[in-house]
Amino acid sequence: MMLIRYLSQIGRYFIMLKDVFNRPVKWSVMKQLILKEIDDLIIDSLGIVCFISFFVGGVVAIQTALNLTNPLIPKYLIGFATRQSIVLEFAPTFISIIMAGKMGSFITSSIGSMRVTEQIEALEVMGVNALNYLVFPKMIAATLYPFVIGIAMFLGIFGGYLAGVYGGFTTSQEFITGLQNEFIPFHIAYAFIKTLVFAFILATIPSFHGFYMKGGALEVGKASTVAFVWTSVVIILMNYILTQLLLS
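Residues numbered from 1 in each chain as written. Predicted model: local features only at pLDDT ≥ 70, side-chain atom pairs only at ≥ 80, totals over all residues. Heavy atoms only, no water.

*Asks:* Sorry if this is basic, but what is going on with the layout of surface pockets here?
*Replies:* Unfilled space is identified by rolling a water-sized probe across the atoms. When its volume is computed, the largest pocket comes out at roughly 780 Å³. Gln9, Ile10, Phe208, His209 and Trp230 are the residues nearest the centre of the largest pocket, which is lined by 24 residues in total. For the lining of the largest pocket, the secondary structure elements donating two or more residues are helix 1 (2-20), helix 10 (186-211) and helix 11 (217-247). Considering every element that reaches the lining of the largest pocket, the biggest residue donor is helix 1, with eight residues. Residue classes in the lining of the largest pocket are distributed as 17 nonpolar, two polar and five charged. (1 Å grid on protein atoms, 1.4 Å probe; cavity = no way out; pocket = protein on both sides within 12 Å on 5 of 7 lines; lining within 4 Å. Points joined across faces, edges and corners; volume = space filled by probe spheres on them. Helix = DSSP H or I, 4+ residues; strand = E, 2+ residues; numbered from the N terminus. Nonpolar A, V, L, I, M, F, W, Y, C, P; charged D, E, K, R; others polar.)

Dropping the structure here:
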């Protein structure tokens with residue numbers, strides 16, 4: 001029974017994606033909706049992303065330095081390990097899981113509240129495609145999510161630089177040498193490909209749980225929790241699949 005329920009939910013999710021593009025809202029209205037979603041989802045997320053990225057970058061550099069106990073191991077590996085950790089996993093994946101809580105909960109609760117107060121039914125009575133009106137602007141706004149991850153990469157490495165150099169673990173030149181050592185440009189492309197996939201997941205799965213929730217205010221909170229869990233699970237699964245496809 002549980003398997004059938006999960007398969008039913010997956011099918012319903014893909015039907016929702018199809019319906020998002022039916023009967024689009026006129027552009028003059030959609031433009032305002034997209035700008036609002038960019039402000040709510042992207043701009044409002046910058047503060048927490050910058051804070052976490054800076055200090056986690058510092059922690060990565062310090063922990064790497066503390067584990068390099070052998071004097072024969074070059075200090076430039078601190079910069080190398082910080083770059084690899086931040087670019088490949090921390091910025092695209094770890095930040096996306098955090099955003100599943102911050103951004104995803106906001107999306108689920110806002111759409112779920114509209115469902116509870118029957119605003120979605122009112123839109124449909126007026127002949128508006130509620131899915132296009134509510135979900136499509138979030139999907140467009142999410143295309144700017146790689147911009148957030150780019151900032152996270154920069155601040156994570158910068159935080160690692162400050163922690164490593166001013167903490168006395170390495171010199172500025174050694175850290176920069178580590179950043180440049182064996183640099184593979186495709187790793188940046190890989191990170192941003194993952195980010196775009198995660199952005200789509202962050203915009204659609206919470207929207208699905210908010211749009212199809214049933215009940216009252218209490219169920220809105222439960223839907224937000226379920227949306228966070230499933231968004232995180234799908235992000236981790238897609239991270240594994242994309243890593244196998246792109247880096248193997």
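*Asks:* Where do I start with the pattern of salt bridges in this structure?
*Replies:* Note that side chains of opposite charge can pair when their charged atoms are close. On inspection of all chains with the given rule, the structure shows five salt bridges. In this structure, Arg115 and Glu121 form a salt bridge, with 3.0 Å as the shortest nitrogen-oxygen distance. Using a relative accessible area of 30% as the deciding quantity, one classes Glu121 as partly exposed. (Salt bridge = Lys/Arg side-chain N within 4 Å of Asp/Glu carboxyl O. Buried < 20%, exposed > 50% of the residue type's maximum accessible area, 1.4 Å probe, protein only.)

*Asks:* Any chance you could explain unusual backbone geometry here in plain terms?
*Replies:* Most peptide bonds are trans, and most residues other than glycine sit at a negative phi. One non-glycine residue, Arg23, adopts positive backbone phi at about 40°. Relative to the helices and strands, Arg23 is located in the loop between helix 1 and helix 2 (27-42). For Arg23, a relative accessible area of 55% corresponds to the exposed category. For Glu182, which is not a glycine, the phi torsion comes out positive at approximately 50°. Assignment of secondary structure puts Glu182 in the loop between helix 9 (172-180) and helix 10.

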